[in-house]
Structure formats: C-alpha cells, structure tokens
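Residue strings, one per chain:
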Amino acid sequence: MTQMDYKYSLLGSAVDDYRKRPLLLQVDDTPMNLFAVLEVKRELPRRWSTLSCFRKIRLYSFLFGLAVMFLIMASYILTGDKKGLLLTPSPYHFSSLVSPGPFAFNLSSVKDYAHIKLVVKSITSKVEFRSSRQPPELKALVNSEPHMFSVVPRKFLPSVKNPCWYEEYTGNITSDPYRTNLYARYSKRFRTVFQHLRNTFREHLFHRDGKLYRMRCLPYFYIIGQPKCGTTDLYDRLRLHPDVKFTTFKEPHWWTRKRFGIIRLSDGFHDRYPVEDYLDLFDQAAYQIQGNLTANASGNPSHPNIIIGEASASTMWDNNAWVYFYDNTTEGEPPFLIQDFVHALQPNSRFIVMLRDPVERLYSDYLYFGIANKSAEDFHEKVSESLQLFEGCLTEYTMRSCVYNTTVNNAMPVRLQVGVYIVYLMDWLTVFSREQILVLRLEDHASNRKYTMHKVFDFLNLGPLTKEIESEITRSPASNTRRPADKNLGPMLPITKEILRDFYMPFNEKLAKVLRNDSFLWENNSKL
C-alpha cells in the first residue's frame, strides 16, 4: 500500500494557526485507503439452490452499487469547491501524503521514549544544508502576480525615507474609497478605522495639472517572525517611537495568507485580497508623512523621516499556500517564496527577526493556540506524532522539501517546522543581504530591553529620543505574556524537552554558525 493510499489531511481548525490531525481509516492497526473496498470471500459452499444463487446475485449487485455510490460521493467531496474543507492537497502536490516513518510506535505512551529517540536520530541523520537556492527570475515573478507589479512602481519619492509614491486617483471623490476593501468586510476594527479615513480622504488628495493624486506607501521595515518569540512586545514598544507608524493592527498577514484568499484556515479559501487592500492599511501613516496639504500646497511631505512598519509573524516562514497556486515543478519545493516578491518590489527593505529557544517556543505555541485538554502529557504525545510525520516525509524527500511541505505542516498537531529557523533565514539571505536583517533573541530582550531597543533604533536609522520617551519605551511591562491558566499547567515533561533539544540541535548549530554567535545554540538557557 502506497503512502497516497491511506493518508489525507484536513486544512482546518478552530484556531487560525493550528491544524487538525490527519484523517486515518484503520483496521487491525493497519492504515487503509479512504476508498477501501469490502473484501468478499470467493470460496463458496458446494450445494447452492437456485434461490441461493439468486440471493447471491442480489447481494453482489447491492455491494457493487454501494461501492459505486461511495466512490461517486467521495469523488464529489474530494474535488469540491475550495471554499469548503480541503480533504486533499492541491492537484499540484507531490504523490506522498505523509506516512509514518520506519520507527512506528504507540504515540500515546511516554514509555516509547527509546523509539522516539530512534525517530529523532533518524531525522537528524538526514539534516543537510544545501548550497544557496537560486532565486527565480523577475519575469517569472511578474508573470505570476502581474496586477501587484502593475500597481507598485519601481521607484519611490526621493525626499521621503519611507517607500511612498503618488498614485493618480480616478475614482469618484464623493464615493467611498474603501467600499470594496476586504479587510473591512471581515474586520470590525478596520471598519471603524476606515470610517475615520474616508471622512478625511478628500483632504489628502493632491491636485496637480487638473488631476488628483493620493499618497501610497509600503512599509520601510517588517517584523517577520517568529510566532511566540516576543514580536508583539517589540511591536508595542516600537509604536511608542514618534517616528514609527504601523498598520492599525499588528498582523495583516497579507503576504502569506490574505494575498491567497486565506482568512482562517478552517474556512478554506475566499476571494484573494488585492494589493490595493493592503496599501489601504498604510493610509493613516501616509497621511502623517504627507502632512497638511492646505498649508503645504506643493505636495512635498511634511514629515519625511517618519517610517512605517508591518509586523506579521508569519512572513518569515509561512509559504503553505504555494502548493495551491504554483505548479509543482521543483521537486516538492516552492518555486517562489514570500521574500522573492518583497525583494522584487522593495529591494532596500529592512527586516527584524525575533527568535527564542525553539524548544520553549514550541511549548508556548502549543499552550497559546491549543484549544482544550492541554497538558504536558498531551504535548508530549503531539510532539511524538509530529516527529513521526516529519520523519516519514524524510524517507522520500529532502529536509528542505519537508519543511515547506504543506501537507506535513497541516498534519502535524504541533508546529515543529516553525522552530527550524535556519532553513528560513538561509532562504531569506538568498535575496537580501545580511545587513538588511536584524536577528534578535527574546532571552536577551527580556533581560535587557534597553539594549535590544537601541539595537533596533540603530538598525532603523532612527534619531535620538528624549529620556522620557526612551524610558517609556524600555520600561513598559512586557506584552502578550503567558496566560495564568497556561502557567498553571506547568513545564513540559523532561523527556519531551530532551527529545526536542536533540531534534533542534543541528538546526541551532547551523544558525549559530551563520550568525557567528554561539548564544543561538541555546545551551544554557533560562525558561521564559
């Protein structure tokens, strides 16, 4: 039985960033195909009457009709509309749908410690870091997203630090400029913000040569990851800087999800958010850069040193949508990554990455996104299952292919892949220079916020602050800390921690080598 024969996964969950377990049909501990056919013994009694033969024919006809009906229904479900639950991967996906590796074991028992160690040993023996990937040609990127490249210009206003430009406005100035924005459709918070923006929209239109223009901006910098590594705290502190503006809420997830029509994974696919909807999120900041046009009729920005940030913690790692939109002609690896598009539009962008011990990150992730019945024992079981799924993928594909394998990522009950930081960082470094990416550790930030915030200010070329503002930024309480109910669950089991340390060790060693900083080994680390 092949791997395709018995594994299907659900792209769905009650929480945005978590996936349900793979759907398995199992008889006598043997996984089976969804289309498993009833087996009828062919050994017949020697004495059959005419009535018995008739009954036999009726029975076989009934079974045949039942099998045909089941196949039709299954085919309908599996090829249904994308807006429903996705029981199968994209038709572009490779053949394997993840099977357990050679070291199968009872996932529900902590007694299988030795078996889990074998799985981890098998995984780490296959970890290899290939030479630098070859980024796609600009032409290929433009062909895949022609509208996006037609909206954003190749050059920005030279007198403004932030990437901004003037776009001709051809709409009716009496109509609502945000009426079709999909962020407003699905977010009450955005509807409130857009109400304020539409009230002042006409005031910010710039008149020249009988035409109307609006200022458009993209972010100067991005906080790109990782989840549960302190990005919210960094975002909240940077917002207090007078020269830093953000979108109206922390994580628009446009590059990784909304651009593909993903709102919540449990909802399947919706309409894709166009780049104009994303640009609308920066209008409030653009107005502050632009200033008051009544007092400044030239259109030159009044506050050219203001910069805009965007802080979606999925940007660094989440390329899960690729398999549904791009042809799989690259041996199971995405032909395009998020950073390829960002670089094509903004080659001078800056990026901030906040990391923490991946072992502790995974447990924090589990506690934050888990729904019910959370416990150290349940976490151990989910880690074990995820390791087995990852090891099963490695039996057929490369390590990098498995990290970007959408089916594996959706099937694993905990997000092991998010903690293999070096895989993502190396891919980002194929298009951006090391000087454009600032990598911080949450452990350092927690122990000395003043130090890390000054590193960020220097990286973003921000001017000096008054002592009062600096004190407010560095001394305010930490944001998005662990909830009391989750703290009461206690730490993970010692054996779970040991298993995860072994799993992440080769990735951490490579990360420390690339960054030339042994603190990214997380060998002597206090729990956060």
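Residues numbered from 1 in each chain as written. Predicted model: local features only at pLDDT ≥ 70, side-chain atom pairs only at ≥ 80, totals over all residues. Heavy atoms only, no water.

Caption draft 1: Quick look at the overall build of the protein chain. A tally of regular secondary structure across the protein chain gives 21 helices and ten strands. Sequence separation of at least 24 residues holds for 78% of the intrachain contacts in the protein chain that already meet a minimum separation of 6. As displayed, the protein chain offers around 25600 Å² of accessible surface, 54% of which is attributable to carbon and sulfur atoms. (Helix = DSSP H or I, 4+ residues; strand = E, 2+ residues; numbered from the N terminus. Contact = heavy atoms within 4.5 Å. Areas by Shrake-Rupley, 256 points an atom, 1.4 Å probe, with all protein chains shown as cover.)

Caption draft 2: Broad picture of the packing of aromatic side chains. Within this structure, the stated rule accounts for 35 aromatic pairs. On the basis of an interplanar angle of 20° and a centroid distance of 5.6 Å, the ring pair of Tyr222 and Phe351 is categorised as stacked. Of this pair, Tyr222 sits in strand β6 (residues 221-225) while Phe351 sits in strand β9 (residues 350-355); the two residues are 129 residues apart in sequence, bridging distant segments of the chain. Grouping residues by exposure puts Tyr222 and Phe351 together as buried. One aromatic cluster in this structure is built from Tyr169, Tyr178, Tyr183, Phe190, Phe194, Phe201 and Tyr273. The cationic tip of Lys228 hangs over the ring face of Tyr368; the distance from NZ or CZ to the ring centre is 3.8 Å. Looking at Arg259, its charged tip hangs above the ring of Trp254, at a distance of 5.9 Å from the centre. (Phe/Tyr/Trp six-rings, centres within 6.5 Å; stacked < 30°, edge-to-face > 60°. Buried < 20%, exposed > 50% of the residue type's maximum accessible area, 1.4 Å probe, protein only. Lys NZ or Arg CZ within 6 Å of the ring centre and 35° of its normal.)

Caption draft 3: Structural view of the pattern of salt bridges. Under the criterion given, the structure shown has 27 salt bridges. Here the salt bridges share partners, and the residues they tie into one network are Glu167, Arg214, Arg216, Asp280 and Asp283. (Salt bridge = Lys/Arg side-chain N within 4 Å of Asp/Glu carboxyl O.)

Caption draft 4: Inspection of helix α19 (residues 467-475) at higher detail. Buried within α19 are the following residues: Glu470, Ile473 and Thr474. The arc that holds every buried residue of α19, seen down its axis, measures 90°, which confines them to one face. Among the exposed residues of α19, those pointing more than 90 degrees away from its buried face are Glu468 and Arg475. (Arc of directions from axis to C-beta.)

Caption draft 5: Structural detail: the packing of helix α12 (residues 358-369) against helix α13 (residues 376-394). Between α12 and α13, the shortest axis-to-axis distance is 11 Å and the interhelical angle comes to 115°. When the axis of α12 is compared with that of α13, the two are roughly perpendicular. Where α12 crosses over α13, the two elements pack in a sense that is right-handed. Residues Leu362, Tyr363 and Tyr366 of α12 pack against Ala376, Asp378, Phe379, Lys382 and Val383 of α13. By residue class, the composition of the contact of α12 with α13 is six nonpolar, no polar and two charged. (Axes fitted to C-alpha atoms, helices over the stretch in contact; angles between N-to-C directions. Parallel < 35°, antiparallel > 145°, perpendicular 65-115°, else oblique. Left-handed = near helix turned anticlockwise from the far one by under 90°. Nonpolar A, V, L, I, M, F, W, Y, C, P; charged D, E, K, R; others polar.)

Caption draft 6: Looking closely at empty space enclosed by the protein. One pass over the structure, following the stated rule, counts five cavities of 30 Å³ or more. Quantified by volume, the second largest cavity comes out at close to 60 Å³. Grouping the constituent residues of the lining of the second largest cavity by class yields eight nonpolar, three polar and two charged. (1 Å grid on protein atoms, 1.4 Å probe; cavity = no way out; pocket = protein on both sides within 12 Å on 5 of 7 lines; lining within 4 Å. Points joined across faces, edges and corners; volume = space filled by probe spheres on them.)

Caption draft 7: Expanded view of the pairing of strand β10 (residues 437-441). Counting buried positions over the five residues of β10 gives five, a clear majority of the element. Of the pairings in the sheet, the one linking β9 to β10 comprises five bridges and is parallel in character. Within β10, the position partnered with Phe351 by the bridge is Ile437. (Pairing = 2+ DSSP bridges.)

Caption draft 8: Focus on the pairing of strand β5 (residues 211-217). Buried residues dominate β5, accounting for five of its seven residues. The pairing of strand β3 (residues 164-168) with β5 spans five bridges and is classified as antiparallel. The residue of β5 that forms the bridge with Trp165 is Arg216. As judged from the three bridges shared by strand β4 (residues 206-208) and β5, these two strands associate in the antiparallel manner. Pairing of Arg208 across the sheet is with Lys211, part of β5. Taken together, β4 and the strand that follows it, β5, pair antiparallel across an intervening segment of two residues, in which Asp209 is found at a positive phi of about 55°.

Caption draft 9: Quick peek at the state of the cysteines. Inspection of the entire model under this criterion finds two disulfides. Bridging Cys164 to Cys217, the disulfide has an S-S length of 2.1 Å. One disulfide, between Cys164 and Cys217, carries an S-S torsion of 105° and so falls in the right-handed class. Here Cys164 is found in strand β3, whereas its partner Cys217 is found in strand β5, with 53 residues between them in sequence. Taken individually, Cys164 and Cys217 each receive the classification buried, so the pair is uniform in this respect. Put simply, Cys393 and Cys402 are joined by a disulfide, and their sulfur atoms are 2.1 Å apart. Between Cys393 and Cys402 the sulfur-sulfur dihedral comes to about -95°; the bridge is accordingly left-handed. Cys402 shares its class with Cys393; the two are buried. If one numbers only the bonded cysteines of the protein chain, in the order they occur, the disulfide pattern is 1-2, 3-4. (Disulfide = S-S within 2.5 Å.)

Caption draft 10: Region of the structure containing the sheet that holds β5. Taken in spatial order, the three strands make up an open sheet running β3-β5-β4, and their pairing is antiparallel. Bordering the open sheet on either side are β3 and β4, each of which pairs with just one other strand. Between one strand and the next, the sheet's axes are offset by a mean angle of 40°, whatever the strand orientation.

Caption draft 11: Just the sheet that holds β10, in detail. Read across the sheet, five strands follow the order β7-β8-β6-β9-β10 without closing on themselves; strand pairing throughout is parallel. At either end of the open sheet lies a strand with only one pairing partner, and these are β7 (244-246) and β10. For this sheet, the mean inter-axis angle between neighbouring strands, taken without regard to orientation, is 25°. Sheet strands touched by helix α16 (residues 421-428): β6, β9 and β10. Its angle to β10, the strand with the most contacts, is close to 165°.

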